[in-house]
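Given next are the chains, with one letter for each unit.
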Amino acid sequence: MRRARSCEVQGCDTRGVGTSDGHRSVSALIRALATRPGDVVADAFRLEMRAAYWDAQDLPAALAIGFAAVDRCLSEAARSDGHVALARRVEAKGFLYDIASFTWPGWDEPGIAVDPCQARLGFDAAIANLELAVELHKDALPMARAHWMLGAHRLAAGSAAEAESSFGMAEEFAERAGSIVDAALARAFGALARLVGGREHAEDALESALADLAELPEGDMYVEQVATARRVLAR
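**Re the side chain of Thr103**
In step 1: Among the structural elements, Thr103 can be located in the loop between helix H4 (82-102) and helix H5 (116-135).
In step 2: A polar contact of 2.7 Å, which involves the side chain of Thr103, links it to the backbone oxygen of Ile99.
In step 3: Residues within four places of Thr103 in sequence aside, it is in contact with Leu59, Leu63, Val114, Gln118, Ala119, Gly122 and His153.

**Describing unusual backbone geometry**
In step 1: Look at Asp108: it is not a glycine, yet its phi comes out positive at around 50 degrees.
In step 2: Tracing the backbone through its elements, the reader meets Asp108 in the loop between H4 and H5.
In step 3: Of note, the phi angle at His137 is positive, near 55 degrees, even though the residue is not glycine.
In step 4: By secondary structure assignment, the location of His137 is in the loop between H5 and helix H6 (140-156).

**What about helix H7 (residues 160-177)?**
In step 1: Taking 1.5 Å per residue, 18 residues should reach 26 Å; H7 reaches 25 Å between its end C-alpha atoms and fits that length.
In step 2: Among the residues making up H7, those that are buried are Ala160, Ala163, Glu164, Ser166, Phe167, Ala170, Glu171, Phe173 and Ala174.
In step 3: Looking one or two places after H7, you find Gly178, whose phi comes out positive at around 80 degrees.

The rules behind the values
Residues numbered from 1 in each chain as written. Predicted model: local features only at pLDDT ≥ 70, side-chain atom pairs only at ≥ 80, totals over all residues. Heavy atoms only, no water. Helix = DSSP H or I, 4+ residues; strand = E, 2+ residues; numbered from the N terminus. Polar contact = N/O pair within 3.5 Å; in protein donor to acceptor, adjacent residues only side chain to side chain. Contact = heavy atoms within 4.5 Å. Expected span 1.5 Å × (residues − 1). Buried < 20%, exposed > 50% of the residue type's maximum accessible area, 1.4 Å probe, protein only.

Structure, rendered in structure tokens:
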């Protein structure tokens, strides 16, 4: 997947962005964001969430902001109907995807350390993101990426067989969407899942998938993405 850049969290550290009294700072920020009108509040939350992750490299703050945004969007959806309810649910799905992405250790993002609690939260977010994609009848490409994200978290959690199944679904939806890159990347990660799971001939399948991926535009970047995930997860 190409990563987008300014594109109750219980038992986890929730320090804020660059302050010694971070919890209060992030709480104050969330309260301020919550006062924004419903038609612009998601953009405001998203901007702060991504700034916390990409600029401050503060994953706990990014998660606190992200989950607050999900709660705000879904609460407003429950109080609304028609296109407003739909829009808020779509926005909630976007935040869930970002939460899942930010908590996947396979990126090996410099300055970001994902602890087991955060990884579990991200796994749950990936599940909820896929559930919302189904409920909202999303098109084939968002469905492909929702399955890919769940597969990525299953792989990180050590559930190689389930990850392989998710990547297979991602490949199927990507082909339906006509996205050659997404299909090839899903195929490569499916092969990586088979390798992690100790499946026979998995190394050959992965080499073949990576060769196909390398032939695509920006293929080297995607090959490196798979290689990074293998280094981090296939230990």
